[in-house]
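# Tertiary structure, described
Each chain, written out:
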Amino acid sequence: MTERTLKDKTAIVGIATTDLARDGGRTEYSLACEAVTRAVEDAGLEMADIDGIVKDISDGIDPMYLQKAVGIDNAQYCSDSHWGTSALMTGATAIAAGICNAVVYYRCLNGGSGRRAGNDFRAAREMQDEGLDLLRYDFYSPFGLLTPDGLAAMTARRYLHVHGIDADQVGWIPVVASEYAAKNPDAVFFDEAIGLDDYTRSALRVDPLRDLDCAPGVDGGLAIVLTRADRAKSLRQKAAVVMGVAQGTSTEGELLSNYSRPDIAALPEVRLMGEELFRVAGIDRGDINVAQLDDRYAPYVAMQLEELGFCERGSGVAFCEKGERIRVDGDLPLNTGGGFLGGGFTYGLNVIEAVRQIRGTSSSQVEDAEISLVVSGAGGPADGLILRRD
Amino acid sequence: MPLEYVPGIPILRPYVDPDNKPFWDAVDRHEFVLQRCSNCDVFLQPPRPMCPHCLSMDSLEWVPSAGRGEVYSFVVFEADRMAYPGMKIPYVVVLVEMEEGVRLTANIIDSEPDEVYIGMPVEVTYNSPMEGLTLYQFKKRAS
């Protein structure tokens, strides 16, 4: 076991999102510029204070172009990281290592209106043909299996089957997400809460996944500023100290199509990441006041609850039944901004909501929230953060 | 409805490279082979350049398979926007666990979506969705 080198070394001090929209009509470059400048301003920093830039592997805007647009002249550390929000770990590592003082992370995507592999089979294949897609689909695409929705549905079917779960009960996850989203002005996909009957009437998209199981794409940008924890105290916002941060990968990993591993009705990356995350933070599951899990696909939320140790294997759907445990006054308020189901699928939105809970500014604020968990990357390489009040 | 294609829309070809070419060449001949590591006596799918157990690149071989297995999981493409336009919806993609232990995806070509279940015995067959393309597929098998 290595020592807890990243515990309490850094803090999230700035967050920002642009307007989020189904069709925003802007370039991703423009979204990146706005999100980054607003996050730096939110932190009470100057652009000259930013000396590190990190992003995930799939974001299309190169740090070099961001730099010249926003006037960061001397970034001493720039890095593309792995999937999800693992770039925040990259940034925290660079700060803890003394390489830089303040790192900005950005994620900017026209995921609603633009060409995105997640939503459209033809787009996915075009991107593959152009070499833009890093994934290998040799054994899937000739059979009409290519979109992430289809790939995820295969795992969802096996999960429901192995544990004898009534698929309709998965609907409590989007139902509660819609309740939270209806209160969050940033979440564009539910103006009002839905009921379980709306879920069971929702069209089967790729059976067993219904439309309401799948987070829609959204146009928008976001940025997050990390700095040294000791420096965070004097800044504008209440700091969200990074108590723990971790990544996880596992056997026979692919993005969603992990079909060759011994058991596909599981998320071993999340389990391994979670074990490390709680070890680094030095706390237990019961210490978590509020959680943001990856709800790109509703059944994966149940699987994450199991893998993270909040409930027994196979009982994640039952954990969410009727929503009592996961509403704002429950044992584990979950995806309190409406999640990706309510806000659109863009990694980082979940981190921003986790920070808002620490600041006390969520649209569904958990009373006295002191410790906030966020997980990204369910079904592929996973990462997570535990944030705490300073 | 068994698997049907939409005329005039090409089916996506597998991306063939030196690591998987023996598999697809065999499929062209209506033969079904699987990659195996002769050191470890384990089958590997998808095909790859190295055995992850012994890290050998020389021990990989292609061995004939009877092509028998059971449905391990499956999905049914129901919605136009999410389905491949060259295939008529609803269509089924099965993930089959072969007797050798490895799993492969393909369509099931002779079954209605509501006939398919986890544990269903299936075997490999072949089809030719368009000129110059042969695919392995699955069909029902008596248990």
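Residues numbered from 1 in each chain as written. Chains lettered and ligands numbered in written order. Predicted model: local features only at pLDDT ≥ 70, side-chain atom pairs only at ≥ 80, totals over all residues. Heavy atoms only, no water.

As a further point, take the interface of chain B and chain A. Taken together, the contact between chain B and chain A spans 40 residues of the former and 34 residues of the latter. Interface of chain B and chain A: buried area, both sides summed, is about 3200 Å²; carbon and sulfur atoms make up 59% of it. In terms of surface lost to chain A, no three residues of chain B exceed Leu12, Tyr72 and Met82 of chain B, which account for 19% of the buried area on that side. Viewed at the interface, chain A and chain B are joined by one salt bridge. The closest approach of N and O atoms between arginine 48 of chain B and glutamate 252 of chain A, which form a salt bridge, is 2.9 Å. Between chain B and chain A we count 16 residue pairs in polar contact (both at pLDDT 80 or more) in total. Counting only elements with at least two residues in the side of chain B that touches chain A, the list comes to helix 1 (21-28), strand 4 (68-77), strand 5 (91-98), strand 6 (103-107) and strand 8 (133-140) of chain B. In terms of residues, the side of chain B that touches chain A owes the most to one element, strand 4 of chain B, which gives six residues. (Contact = heavy atoms within 4.5 Å. Buried area = accessible area lost by both parts, 1.4 Å probe. Salt bridge = Lys/Arg side-chain N within 4 Å of Asp/Glu carboxyl O. Polar contact = N/O pair within 3.5 Å; in protein donor to acceptor, adjacent residues only side chain to side chain. Helix = DSSP H or I, 4+ residues; strand = E, 2+ residues; numbered from the N terminus.)

All names here are of chain A. Relative to the 21 Å expected for 15 residues at 1.5 Å per residue, helix 5 (residues 148-162) spans 21 Å between its end C-alpha atoms, a close match to the ideal helical length. When you tally the buried positions in helix 5, you get 13 out of 15 residues, the bulk of the element. Note on helix 5: the residue one or two positions beyond its end, glycine 164, has a positive phi of about 60°. (Expected span 1.5 Å × (residues − 1). Buried < 20%, exposed > 50% of the residue type's maximum accessible area, 1.4 Å probe, protein only.)

Residues and elements named next belong to chain B. Taken domain by domain, chain B consists of domain 1 (17-65) and domain 2 (67-143). Computed over C-alpha atoms, the centres of domain 1 and domain 2 are 21 Å apart. The partner domain 2 presents eleven residues to the twelve residues of domain 1 that form the contact. Regarding the contact of domain 1 and domain 2, the summed buried area is about 1100 Å², with carbon and sulfur atoms giving 72% of it. At the boundary of domain 1 with domain 2, the tally comes to zero salt bridges. Connecting domain 1 to domain 2 are four residue pairs in polar contact (both at pLDDT 80 or more). Looking at side-chain class alone, the side of domain 1 that touches domain 2 contains seven nonpolar, three polar and two charged residues. (Domains from an automatic or database assignment. Nonpolar A, V, L, I, M, F, W, Y, C, P; charged D, E, K, R; others polar.)

Here strand 5 (residues 204-207) of chain A runs beside strand 6 (residues 209-210) of chain A; their pairing, made up of two bridges, is antiparallel. By the bridge assignment, leucine 204 of chain A is partnered in strand 6 of chain A with arginine 210 of chain A. With antiparallel pairing between neighbouring strands as the criterion, strand 5 of chain A and strand 6 of chain A make up a hairpin whose turn holds one residue. Pairing of strand 5 of chain A with strand 4 of chain B, which is carried by two bridges, proceeds in the antiparallel orientation. Its bridge partner lying in strand 4 of chain B, valine 206 of chain A is registered against phenylalanine 77 of chain B. (Pairing = 2+ DSSP bridges.)

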